[in-house]
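Per-entry structural report
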Amino acid sequence: MTKQLRVAINGFGRIGRTVLRAWAGGGWPEVQIVAINDIASPEDCAYLLEYDSVFGRFPGEVRLEEGALIAGPHRMRLTREGDLSRLDLSDVDLVMECTGKADSVEISGRGLAAGAHRVLISGPSEAAEFTVVLGANDAALDPHMRVISNASCTTNALAPLVRALHGAFGVETGWMTTIHCYTGSQPTVDAPRGDPARSRAAALSMVPTTTSAGRLMDRVLPELAGCISCAAVRVPVASVSAIDLTFRPARAVTVAEVNAALQAAGGVIGWTGKPLVSSDLRARPESIVMALRETAVTGGGLVRVFGWYDNEWGFSCRMLDVARIWGGRG
């Protein structure tokens, strides 16, 4: 019997809880989530897992026992420690660092200091040894690495797409806009933020802003460094985002050729020929689902492709996939 990868989740927010929900639904038998750590009270952790405004009620019983969270048939020890290094994680193979604060070596390494063997960070981090995107550069994932980053949700959607298009047609240059749902980094009512536009109420306006995907693309696909420029518009929906990519291919192409390449890509890239809207893509596990009806080629040879991605669920599935793959390499 294959040894299971024992995983601890540090930070039980949007991604931490979604990872647990996705895992509890099955599909990762090699992974066993054994521990959760968050500074919130145990009661809050249980309540927010059981009732979710985006994904609905947890499909199973959620309850607390002494020092443990029970979710359906799964029992995980539950701790409330602000500094993960103070815990004993010597029985843990991998920590999923989901606090969103692991951009320093000191914080990203706390799981190692607690005794875990590896740390997978759920977001961009300058402290990581490697930034991995499944379907783009995961072949270079080294079992000797100790701390890696799973990039961002948008990079996980964009990088495999660009790699597939570059392999099929060559990508000379391009512009990507992510039409991104609002997140917890935005205020619900106008309130000061570093970026004045980001200070506006998240659910009332479309907010032009930046995305980390541009710099991460250069890191994940260095052979295309500088080829793809990126921007973002935050929009007043609570879940599911989209990528709108226009690029110049190395040769003339047709819509049929592009859609055939998208359908053949496979892996983390899905597709649909139906006239779907964002809410139809909720809880889809792919990194991106291409909307084939939106593909277009201009008279000047520019190509436009459009794809949906559930920035929480799809990304959480990639966290589990990368944990399984990385753990399986020794």
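Anything mentioned here points back to the structure above.
Definitions and limits used
Here the residue numbers are simple positions, counted from 1 along each chain's written sequence. At least 70 in pLDDT is required for a residue's local features to be given in this predicted model, at least 80 for side-chain atom pairs to be given and counted, and no such filter applies to totals for whole chains, interfaces and linings, which use all residues. Where side-chain values are given, they derive from all heavy atoms of the structure, hydrogens and water being excluded. Note on definitions: angles span 0 to 180 degrees between N-to-C directions of axes, and those axes are lines fitted to C-alpha atoms, for helices only across the stretch in contact. A run of H or I in DSSP becomes a helix once it reaches four residues, and a run of E becomes a strand once it reaches two; helices and strands are each numbered from the N terminus. An angle below 35 degrees is treated as roughly parallel, one above 145 as roughly antiparallel, one from 65 to 115 as roughly perpendicular, and anything else as oblique. In this scheme the crossing of two helices becomes right-handed for a clockwise turn of the near helix relative to the far one and left-handed for an anticlockwise turn of less than a right angle. By definition in these notes, contact holds between two residues if any of their heavy atoms fall within 4.5 Å. Polar here means any residue other than Ala, Val, Leu, Ile, Met, Phe, Trp, Tyr, Cys and Pro, which are nonpolar, and Asp, Glu, Lys and Arg, which are charged; Gly is therefore polar. What is meant by a nonpolar core is a set of buried Ala, Val, Leu, Ile, Met, Phe, Trp, Tyr and Cys residues, joined one to another through side-chain atoms within 4.5 Å. Throughout, exposure labels follow a simple rule: accessible area from a 1.4 Å probe, protein chains only, divided by the maximum for the residue type, with under 20% read as buried, over 50% as exposed, and the rest as partly exposed. The pairing criterion is simple: DSSP has to find at least two bridges between the two strands. Salt bridges are identified by distance alone: a Lys or Arg side-chain nitrogen within 4 Å of an Asp or Glu carboxyl oxygen. Pairing of N or O atoms within 3.5 Å defines a polar contact, subject to two protein rules: one partner must be a possible hydrogen donor and the other a possible acceptor, and residues neighboring in sequence count only if both atoms are side-chain atoms. Paired rings are identified among Phe, Tyr and Trp, the last through its six-membered ring, by centres lying within 6.5 Å, and are further divided according to the angle between planes into stacked (under 30 degrees), edge-to-face (over 60) and tilted (the rest).

1. Comments concerning the packing of helix 5 (residues 153-169) against helix 6 (residues 213-220)
Between helix 5 and helix 6, whose axes approach to 10 Å, the crossing angle comes to 50°. In terms of orientation, helix 5 and helix 6 fall into the oblique class. Seen from above, helix 5 lies across helix 6 with right-handed handedness. Along the contact surface, helix 5 presents Thr154, Thr155, Leu158, Ala159 and Val162, while helix 6 presents Ala213, Leu216, Met217 and Val220. When the residues that make up the contact of helix 5 with helix 6 are grouped by side-chain class, the tally is 7 nonpolar, 2 polar and no charged.

2. Some details on the nonpolar core
Residues Leu20 and Leu245 are the most contacted members of the largest nonpolar core, which totals 78 residues. The next biggest cluster of nonpolar side chains, apart from the first, holds 15 residues, and it includes Ala35, Val92, Ile121 and Val147.

3. Remarks on the sheet that holds strand 1 (residues 5-10)
Read across the sheet, 9 strands follow the order 5-6-7-2-1-8-9-11-10 without closing on themselves; strand pairing throughout is mixed. Of all strands in the sheet, those bounded by a partner on one side alone are strand 5 (62-65) and strand 10 (130-131). When strand 10 meets strand 11 (residues 147-149), the two strands line up parallel, connected through 2 bridges. Paired with Phe130 across the bridge in strand 11 is Ile148. Contacts from helix 8 (residues 313-328) reach strand 1, strand 2 (31-37), strand 8 (94-97), strand 9 (118-121) and strand 11, with the element oriented near 155° to strand 9.

4. A look at the pattern of salt bridges
For the structure shown, the criterion picks out 22 salt bridges. Linking Glu106 and Arg110 is a salt bridge whose minimum nitrogen-to-oxygen distance equals 3.0 Å. The closest approach of N and O atoms between Arg318 and Asp321, which form a salt bridge, is 2.9 Å. Taken together, the residues Arg318 and Asp321, both in helix 8 and 3 residues apart, mark about one turn of the helix. What makes Arg318 buried here is its relative accessible area of 5%. Through salt bridges with shared partners, a single network forms among Glu81, Asp83, Arg86, Glu106 and Arg110.

5. Brief notes about the packing of helix 5 against helix 7 (residues 255-265)
For any two helices packed against each other, the geometry is given by the interaxial angle and the distance between the axes. It is the contact of helix 5 with helix 7, at a shortest axis distance of 10 Å, that shows an interaxial angle of 125°. Considering their axes alone, helix 5 and helix 7 lie oblique with respect to each other. Considering only the axes of helix 5 and helix 7, their crossing is right-handed. Here Leu161, Ala164, Leu165, Ala168 and Phe169 of helix 5 lie close against helix 7, whose contacting residues are Glu257, Val258, Ala261, Leu262 and Ala265. Among the residues forming the contact of helix 5 with helix 7, the class breakdown is 9 nonpolar, no polar and 1 charged.

6. Brief notes about the side chain of Thr155
Secondary-structure assignment places Thr155 in helix 5. At 2.6 Å, the side chain of Thr155 and the side chain of Ser152 are in polar contact. Apart from residues no more than four positions distant in its own chain, Thr155 is found in contact with Val133, Pro160, Ala213, Leu216, Met217 and Val220.

7. Concerning the environment of Asp310
Along the chain, Asp310 falls in the loop between strand 19 (303-309) and helix 8. For Asp310 and Gly167, which are 143 residues apart along the polypeptide, the C-alpha to C-alpha distance reads 25 Å. Once you skip the residues sitting within four places of it in the chain, Asp310 turns out to touch Phe55, Val240, Leu281, Arg282, Ala283, Arg284 and Phe315. Polar contacts involving the side chain of Asp310 include one to the main-chain amide nitrogen of Ala283, which spans 2.7 Å.

8. Describing the environment of Leu292
Tracing the sequence through the fold places Leu292 in the loop between strand 17 (288-291) and strand 18 (296-297). When its relative accessible area of 11% is taken as the criterion, Leu292 is described as buried. Between the C-alpha atoms of Leu292 and Phe306, which are 14 residues apart in sequence, the distance is 7.6 Å. Sequence-distant contacts of Leu292, that is, excluding residues within four places in its chain, are made with Asn259, Leu262, Gln263, Trp271 and Thr272.

9. Some details on the packing of aromatic side chains
Inspection of every chain in the model, using the stated rule, returns 3 aromatic pairs. Geometrically, the ring pair formed by Phe306 and Trp308 is edge-to-face, given 5.1 Å between the ring centres and 85° between the ring planes. In this structure, Phe306 and Trp308 share a single accessibility class: buried.

10. A look at unusual backbone geometry
At Ala151, a position not held by glycine, the phi torsion is positive, near 60°. As for its position among the elements, Ala151 is in the loop between strand 11 and helix 5. With a relative accessible area of 0%, Ala151 lands in the buried category. Here the phi dihedral of Ala283 falls at roughly 65°; this positive angle occurs in a residue that is not glycine. Residue position: Ala283 is located in the loop between strand 16 (269-272) and strand 17.

Keep in mind these values describe shape, not function.
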